[in-house]
Amino acid sequence: MNLTSGAAHPGKRRTDSTIDTLRPDLIVAKDGSGSFKTLGEALLNVTNASTHRIIIYVKNGVYNEKVTVNRPNVTIIGESRKNTRIEFSIPAGNESISRGVFNIFGNGVVLENLTIANTYPHRRHTFALYGRGSFVITKNCDFIANGNDTVALWAEGGGYYYHDNCHFEGNIDFLCPRGWCYVNNSTFYEVDTRAALWHDGGKDPGKKLVIKNSKFDGARSYPLGRYPRDSQFYLIGCQFSDSTRNIIDTNAPSSPNDDFHWGRRVYFADCSAEKGNPEWLNNNLSKAAGAPSISDITAKWTFDNKWDPERTDAPEVLEVKIGKVHRTVDVVFSEPVTVRGNPVIKTKAGKTLKWTASNGGSVLRFALLDKGDKPEKIDVGTGLIFASEANVNIRVAGLKLKP
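Given the structure is predicted, the values throughout are model-derived calculations rather than measurements. (Residues numbered from 1 in each chain as written. Predicted model: local features only at pLDDT ≥ 70, side-chain atom pairs only at ≥ 80, totals over all residues. Heavy atoms only, no water.)

## Topic: the overall build of the protein
Scanning the protein from N- to C-terminus turns up three helices and 31 strands. Taken over C-alpha atoms, the radius of gyration comes to 23 Å for the protein, in line with the 22 Å a tight globule of 403 residues would show. Principal-axis analysis of the C-alpha atoms gives the protein an extent of 75 × 50 × 40 Å. Counting over 403 residues, the protein shows a buried share of 54%. Here the contacts in the protein between residues at least 6 apart in sequence split such that 62% fall between residues at least 24 apart. With an accessible surface of roughly 17,300 Å², the protein has 47% of that area assigned to carbon and sulfur atoms. Computing the positive centroid from 51 side-chain charges and the negative centroid from 43, the protein places the two 5 Å apart. (Helix = DSSP H or I, 4+ residues; strand = E, 2+ residues; numbered from the N terminus. Rg over C-alpha atoms; globule rule 2.2 N^0.38 Å. Buried < 20%, exposed > 50% of the residue type's maximum accessible area, 1.4 Å probe, protein only. Contact = heavy atoms within 4.5 Å. Areas by Shrake-Rupley, 256 points an atom, 1.4 Å probe, with all protein chains shown as cover. Lys, Arg positive; Asp, Glu negative; His and termini not counted. Charge placed at Lys NZ, Arg CZ, Asp CG, Glu CD.)

Structure follows, in structure tokens:
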């Protein structure tokens, strides 16, 4: 998701007029030039019960704070990836449920253009990004720690996570999702000799960790991943340095049990190593369930068609309902939408019906329609109506009213 130039981005205007209308709701600036000086203060000023999407823009600076997002549908965008930095030192064993520097407990959170670092210096559990929320998107972000579990997204029962053009750095299991996770065009760096990847694919054979078009390196010889329980790894079009070794089975039980039903599931396709491919890196995608081709392996496929964060279709109006008593007009969309500005309905008789400001759901209500009159069109003026769902694109709603 991209933001406008406006006051937040002087001198960087975009040519897409739709994007230009989508300015941030809140601006964080350490120097006091924004709405708030810290991200934590900004988050305290949003209503956790609301479901429409809120966009918070964070100006460059080093923000020494521990951040927790409890509200669903929050987008947090930094001014620049390297210079908008959220960092804190949190050792293992801290008692808070918010174990990381950045903690996500609401669904549909989007992070973009940020560096999030746990600066605790020792080789212990040092979460940079942690949480129990699902449908999480990170784009153009660096996640850095010196210890274990740098990025640990652990929604109850397994969640859905999408990472694009990110950097992951840490010690053992520094990317360790529970559920379904798709990573594209990213870099990985193991700071020690431990296993880089970990995946909890328990209870559902469809859960998987898919990594495409990414690069792996390490300070020393290290295993790519390990098997403490049911897991499923897909490495597609990836490049590995000479320090990378195969995913190890040393944690796997010798026979099936409650945590290990389906055996080793590690699949490679179109990958390459720095000094020639070892045998373990041979293509074996045909052995995966359903024998998918490389072109089949998309984000939507990774999430078993339950979420497509790359979709581009627009929310559409399904129907218009007229209240029998109070003559309210309910415009029903195909999915929850977010309203910017103050849209109105223009009627056939030339009247203007005001929006009643219920935001974030799939129904927008307007009032009040005269008898014998009919809704003709929605006018958003300088505002916008777009999909609330976490997505890499801004999906602007279609506004054609159904007869």
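## Some thoughts on the sheet that holds strand 11 (residues 151–153)
Backbone-to-backbone hydrogen bonds pair the strands of a sheet. The strands run either parallel or antiparallel. Strand order in the open sheet formed by four strands is 4-7-9-11, and the pairing between neighbours is parallel. Bordering the open sheet on either side are strand 4 (67–69) and strand 11, each of which pairs with just one other strand. Neighbour to neighbour, the strand axes of the sheet diverge by 20° on average, direction disregarded. Of the strand pairs in this sheet, strand 4 and strand 7 (residues 102–104) are connected by three bridges, and their pairing is parallel. Each bridged residue has a counterpart across the sheet, and for V69 the counterpart in strand 7 is I104. (Pairing = 2+ DSSP bridges. Axes fitted to C-alpha atoms, helices over the stretch in contact; angles between N-to-C directions.)

## Remarks on the sheet that holds strand 30 (residues 375–379)
Strand order in this open sheet of six strands is 24-25-29-28-27-30, and the pairing throughout is antiparallel. The open sheet terminates on both sides in strands that have one partner only, identified here as strand 24 (317–322) and strand 30. Ignoring which end each strand starts from, the neighbouring axes of this sheet average 25° apart. Here strand 27 (residues 344–347) runs beside strand 30; their pairing, made up of four bridges, is antiparallel. Its bridge partner lying in strand 30, K346 is registered against K377.

## Some remarks on the packing of aromatic side chains
Each aromatic ring pair is described using two quantities: the centre-to-centre distance and the angle formed by the ring planes. Taken as a whole and judged by the stated rule, the model has 23 aromatic pairs. Centre to centre, the rings of F240 and W280 are 6.1 Å apart; their planes meet at 65°, and the pair counts as edge-to-face. Of this pair, F240 sits in strand 20 (residues 239–240) while W280 sits in the loop between strand 23 (272–273) and helix 3 (299–302), and the two are 40 residues apart along the sequence. Owing to a relative accessible area of 3%, F240 belongs among the buried residues under this scheme. (Phe/Tyr/Trp six-rings, centres within 6.5 Å; stacked < 30°, edge-to-face > 60°.)

## Digging into the environment of P315
In this structure, P315 sits in the loop between helix 3 and strand 24. Linking P315 and T84, residues 231 residues apart in sequence, is a C-alpha distance of 33 Å. With sequence-adjacent residues up to four places away left out, P315 is seen in contact with F333, S334, E335, V337, A387, R395, V396, A397 and G398.

## Examining the pairing of strand 15 (residues 187–190)
Every second residue of strand 15 is oriented toward a common face, the buried set being F188 and E190 and the non-buried set T187 and Y189. By the bridge criterion, four bridges tie strand 13 (residues 167–170) to strand 15 in an arrangement that is parallel. Bridged to E169 within strand 15 is Y189. Across four bridges, strand 15 lies against strand 17 (residues 215–218) in parallel orientation. Residue pairing across strands places E190 opposite G218, the latter belonging to strand 17.

## Quick look at the pattern of salt bridges
Counted according to the given criterion, the structure contains 20 salt bridges. With a closest N to O distance of 3.9 Å, D313 and R395 form a salt bridge. Of this pair, D313 sits in the loop between helix 3 and strand 24 while R395 sits in the segment after strand 31 (384–387); the two residues are 82 residues apart in sequence, bridging distant segments of the chain. Look at D313 and you get partly exposed, because its relative accessible area is 37%. In the salt-bridge network here, residues are joined through shared partners; they are R311, D313, E335, E389 and R395. (Salt bridge = Lys/Arg side-chain N within 4 Å of Asp/Glu carboxyl O.)

## Some details on the pairing of strand 27
Where strand 27 meets strand 28 (residues 352–355), three bridges bridge the pair, whose relative direction is antiparallel. Opposite I345, over in strand 28, you have L353 as the bridge partner. Hairpin remark: strand 27 followed by strand 28, antiparallel, with four residues in the connecting loop; positive phi at G350, about 90°.

## What about the state of the cysteines?
The term disulfide refers to a covalent linkage connecting the sulfur atoms of a pair of cysteines. Applying the stated criterion across every chain yields a total of zero disulfides. The thiol of C141 is not disulfide-bonded; the next cysteine sulfur, from C166, is found 5.0 Å away. (Disulfide = S-S within 2.5 Å.)

## Quick notes on the confidence of the model for the protein
For the protein, mean pLDDT is 91; residues scoring 70 or higher make up 94% of the total. In the predicted structure, residues 1–21 sits below a pLDDT of 50 and forms 48 contacts with residues beyond four places in sequence or in another chain. (pLDDT = per-residue confidence, 0-100.)

## Points about the environment of S243
Within the secondary structure, S243 sits in the loop between strand 20 and strand 21 (244–245). Distance in space between the C-alpha atoms of S243 and L224 is 9.5 Å, their sequence separation being 19 residues. Among residues more than four places away in sequence, those in contact with S243 are D217, G218, R220, S221 and Y222. A polar contact is formed between the side chain of S243 and the backbone nitrogen of G218, at a distance of 3.4 Å. (Polar contact = N/O pair within 3.5 Å; in protein donor to acceptor, adjacent residues only side chain to side chain.)

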